[in-house]
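# Coordinate analysis (summary)
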Amino acid sequence: MQYIIDLHHKPKKIEMKTKLHFAIVAFFIFLATSNAQVSEKEAEARLWIKTNEKNLQINPNDAFSLRFVRKTQAGETLRFQQLKNGVPVFDSEILVHFSPYGEVTSTASTYKPAIANINTTPSITKENAIAISNQALEISGDITFQESKLLVYDKLGGTKLVYRIVTDSFSKTGSWETIVDAQTGE
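If you're wondering where the values come from, they're calculated on a predicted model, not measured in any experiment. (Residues numbered from 1 in each chain as written. Predicted model: local features only at pLDDT ≥ 70, side-chain atom pairs only at ≥ 80, totals over all residues. Heavy atoms only, no water.)

### Things to note about the pairing of strand S7 (residues 143-153)
- Where S7 lies against strand S8 (residues 160-169), ten bridges are found, and the strand directions are antiparallel. Its bridge partner lying in S8, Leu 151 is registered against Val 162.
- Here S7 folds back onto S8 in antiparallel fashion, the turn holding six residues, of which Gly 157 has a positive phi close to 80°. (Pairing = 2+ DSSP bridges. Helix = DSSP H or I, 4+ residues; strand = E, 2+ residues; numbered from the N terminus.)

### So, the pattern of salt bridges
- In total, this model carries nine salt bridges according to the counting rule given.
- Glu 93 is the salt-bridge partner of Arg 79, the closest N and O atoms lying 2.4 Å from each other. Highlighted residues: Arg 79 in strand S4 (residues 75-84) and Glu 93 in strand S5 (residues 87-98), separated in sequence by 14 residues.
- Take Arg 79: its relative accessible area is 27%, and that puts it in the partly exposed class.
- When salt bridges with common partners are traced through the structure, they connect Arg 67, Arg 79 and Glu 93 into a single cluster. (Salt bridge = Lys/Arg side-chain N within 4 Å of Asp/Glu carboxyl O. Buried < 20%, exposed > 50% of the residue type's maximum accessible area, 1.4 Å probe, protein only.)

### Quick notes on the confidence of the model for the protein
- Looking at the protein as a whole, its pLDDT mean stands at 85, while 80% of the residues score no less than 70.
- Below a pLDDT of 50 lies the segment residues 28-35, which in the model reaches zero contacts outside its immediate sequence neighbourhood of four places, other chains included. (pLDDT = per-residue confidence, 0-100. Contact = heavy atoms within 4.5 Å.)

### Description of the environment of Phe 145
- Mapped onto the elements of the fold, Phe 145 is located in strand S7.
- When near neighbours in sequence (up to four residues on either side) are disregarded, Phe 145 contacts Val 166, Thr 167 and Asp 168.

### So, the pairing of strand S9 (residues 175-181)
- As paired elements, S8 and S9 share seven bridges and run antiparallel to each other. Within the sheet, the bridge partner assigned to Val 166 lies in S9 and is Glu 177.
- The hairpin turn running from S8 into S9, its antiparallel successor, is five residues long, and Gly 174 in that turn takes a positive phi close to 90°.

If you want it as structure tokens, here you go:
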């Protein structure tokens, strides 16, 4: 424990919880400010996607959000996530790489033109989906990490709106991924 010495008052004990809380808040502020995904090349990359939309078979109702930017000595890579009604499509993106001289030198696509237009308003809440996941995993101990994301998903036979929940706990070894249908709770 540490003590703050104040000449006018008795020493005050700084609780470890308070220090830990401060450290966590500082860490998340750092993450929020350091992971901003911006690039001067975004407009040029979007123009490349627009110019190649016929070859990529891009549906006119699909949109893309800049998800990741990586700048190195080899150039700059931008990854764009496919969206359906503003909801990210699982495992579907377009990558555009620029050389250090600003030329598009490579591209890659896992874009999914066959993703159906579906209702992207969930019938169950994120909290309900987490509870369903925890019950299915039979979690009995403390949860050390849990993340839930709403996604459009096509891996279970057809296009569905789902919550993808990743859970780590003391009672189960490893990270567990649970896919919960956001309309039915299945």
